[in-house]
Amino acid sequence: MNTLLPVGITMGDAAGIGPEIVVKAYAQGLNAPCVVYGDAGALRRAAAQLGARLEVVEVPGIGHARPDAGRINVIACGPALPADLPAGQISAAAGRGAYDYVCAAIDDAQAGRIRAIVTAPLNKKSMHEAGIDYPGHTEILAERSATQDFAMMLANDELRVLLVTIHVALADVIARITPEAELTAMRLADRACRQMGIARPRVAVAGLNPHAGEGGKFGREDIDIIEPAIAAARAEGIDASGPWPGDTIFMRARRGEFDIVVAQYHDQGLIPVKYLGLDHGVNVTVGLPFVRTSVDHGTAFDIAGKGVADQASLVAAFDLALAMTP
């Protein structure tokens, strides 16, 4: 990894808080060169509203970006957004733009032109209005980079959690809990921790059922599927353990017993992380051929355009991307 390459930040949905937190992050100061995939007009309007002394310059590609202090280099991708785009509202134009920004960043990351991707939030309904039907960033990143084995990891100063299943209805989760899915998740959890500088990661696996099945009383998935997968992971040299009851595993990890928790489904894993606060949470897509980190919050349409959004999660995502690409 060439640490002299810029980090690519995607602006996200322009009707949300993306432009504002990008401008605030630049104004605060970032710890490495970067470029933004987004809309120059939206960023200029955000900078003017915030009174930020930043020059927003649209450039045709990475080679034209200058890492000058006080300058936001914006990679041209997609049609310009209307100047009167309303804040806090679903917009097909903003949804299409957010998708285009991510795709352009993926292509540059694949080509080795940027060091990592850091994403501001997009809005699924806005993308849907534009005819783009993805559950979120994760699936776009995996499909465009032709990645088969991937997972979502949420991290903050106290917890790291990786999911076996991501954006799927709870009624469909059990069918997706397979030995292969469990083993893949443990491999990715081990890999993610190593990328973050942990030499011997301790991977704890949460049970699917209450009390991890209570010896089969509350379902046999933990015994018949998860336990054999843990044994297989250990045979590969991964320091995996469990399945541990889901109601105590996160507390134990927070106390330092484990380096990462493999959770079985979306809310099992994300509620504990988000309960600790969104300000410094980071979303990481593990398994991609490049590093991608993201904010741990949505487009926040309720406060968009008001100048009160907090850039802390974006800055944390940026710093973690740097740490994962030394």
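Relevant structure appears above.
These figures come from a predicted structure and were not determined experimentally.

Draft legend 1. Just the overall build of the protein chain, in detail. Per the secondary structure count, the protein chain includes eleven helices and twelve strands. Taking 20 Å as the expected radius of gyration for a compact globule of 326 residues, we find that the protein chain reaches 20 Å, a close match to that expectation. Summarising its shape, the C-alpha atoms of the protein chain cover approximately 60 × 40 × 35 Å along the three principal directions. Taking all 326 residues of the protein chain together, the buried fraction comes to 56%. Residue pairs at least 24 apart in sequence account for 72% of intrachain contacts in the protein chain once pairs closer than 6 positions are excluded. With an accessible surface of roughly 13700 Å², the protein chain has 51% of that area assigned to carbon and sulfur atoms. Counting 28 positive and 37 negative side-chain charges, the protein chain places the centres of these two groups 4 Å from one another.

Draft legend 2. Representation of the pairing of strand β7 (residues 160–163). As judged from the three bridges shared by strand β6 (residues 151–155) and β7, these two strands associate in the antiparallel manner. Paired with Leu154 across the strands is Val161, a residue of β7. The hairpin turn running from β6 into β7, its antiparallel successor, is four residues long.

Draft legend 3. Representation of the environment of Pro228 in the model. With respect to the helices, strands and loops of the structure, Pro228 is situated in helix α8 (residues 221–235). Remark: the alpha-carbon pair of Pro228 and Leu30, spanning 198 residues in sequence, is separated by 45 Å.

Draft legend 4. A look at the packing of helix α3 (residues 92–110) against helix α5 (residues 137–144). Running from N to C, α3 and α5 cross one another at 40°; their axes reach a closest spacing of 10 Å. Taken together, α3 and α5 sit at an angle that is classed as oblique. Considering how the two elements wind past one another, α3 and α5 form a crossing that is right-handed. Here Tyr99, Val102, Cys103, Ile106, Asp107 and Gln110 of α3 lie close against α5, whose contacting residues are His137, Ile140, Leu141 and Arg144. Of the residues contributing to the contact of α3 with α5, the split by class is six nonpolar, two polar and two charged.

Draft legend 5. Region of interest: the sheet that holds strand β11 (residues 282–286). Strand order in the open sheet formed by twelve strands is β3-β4-β2-β1-β5-β12-β11-β6-β7-β10-β8-β9, with mixed pairing between adjacent strands. Lying at the two open borders of the sheet, with one neighbouring strand each, are β3 (55–59) and β9 (239–244). Along the sheet, successive strands turn relative to each other by an average axial angle of 25°, direction set aside. Both β6 and β11 contribute to a ladder of five bridges, which runs antiparallel. Counterpart to Met152 in the pairing with β11 is Thr285. This element, α8, spans β8 (202–206) and β9 of the sheet and lies at about 170° to β9.

Draft legend 6. Region of the structure containing the pattern of salt bridges. Following the criterion strictly, the structure yields 15 salt bridges and no others. Glu257 is the partner of Arg255 in a salt bridge, and the nearest nitrogen-oxygen pair spans 3.2 Å. We classify Glu257 as partly exposed; its relative accessible area is 31%. Members of the salt-bridge network, linked through shared partners, are Arg252, Arg255 and Glu257.

Draft legend 7. Up close: the state of the cysteines. A full pass over the atoms with the stated rule returns zero disulfides. You can see Cys103 has no disulfide; the closest cysteine sulfur is in Cys77, sitting 9.5 Å from it.

Draft legend 8. Main features of the nonpolar core. Among the nonpolar cores identified, the biggest contains 100 residues, and Tyr37, Leu43, Ile72, Leu162 and Met186 are the most heavily contacted of them. Among all residues touching Met186, those that are not within four sequence positions of it are Val203, Val205, Ala229, Ile230, Ala233, Ile238, Ala240 and Val262. Core analysis: the second largest hydrophobic core is formed by 16 residues, Leu163, Ala206, Leu270 and Val273 among them.

Draft legend 9. View of unusual backbone geometry. Along the chain, Gly242 connects to Pro243 via a cis peptide bond; the corresponding omega equals 0°. Within the secondary structure, Pro243 is located in strand β9. One non-glycine residue, His211, lies in the positive phi region at around 55°. Here His211 is to be found in the loop between β8 and α8.

Draft legend 10. Spatial organisation of helix α10 (residues 266–275). Among the residues of α10, Gln268, Gly269, Leu270, Pro272 and Val273 are the ones counted as buried. The elements touched by buried residues of α10 are β6, β7, β8, α9 (249–254) and β10 (260–263). Within two residues after α10, Gly277 carries a phi angle of roughly 120°, on the positive side.

Draft legend 11. Spatial organisation of α5. Among the eight residues that make up α5, six are buried, leaving the element largely enclosed by the rest of the structure. All of the buried residues along α5 are His137, Thr138, Glu139, Ile140, Leu141 and Ala142.

About the cut-offs
Residues numbered from 1 in each chain as written. Predicted model: local features only at pLDDT ≥ 70, side-chain atom pairs only at ≥ 80, totals over all residues. Heavy atoms only, no water. Helix = DSSP H or I, 4+ residues; strand = E, 2+ residues; numbered from the N terminus. Rg over C-alpha atoms; globule rule 2.2 N^0.38 Å. Buried < 20%, exposed > 50% of the residue type's maximum accessible area, 1.4 Å probe, protein only. Contact = heavy atoms within 4.5 Å. Areas by Shrake-Rupley, 256 points an atom, 1.4 Å probe, with all protein chains shown as cover. Lys, Arg positive; Asp, Glu negative; His and termini not counted. Charge placed at Lys NZ, Arg CZ, Asp CG, Glu CD. Pairing = 2+ DSSP bridges. Axes fitted to C-alpha atoms, helices over the stretch in contact; angles between N-to-C directions. Parallel < 35°, antiparallel > 145°, perpendicular 65-115°, else oblique. Left-handed = near helix turned anticlockwise from the far one by under 90°. Nonpolar A, V, L, I, M, F, W, Y, C, P; charged D, E, K, R; others polar. Salt bridge = Lys/Arg side-chain N within 4 Å of Asp/Glu carboxyl O. Disulfide = S-S within 2.5 Å. Core = buried A, V, L, I, M, F, W, Y, C linked by side-chain atoms within 4.5 Å.

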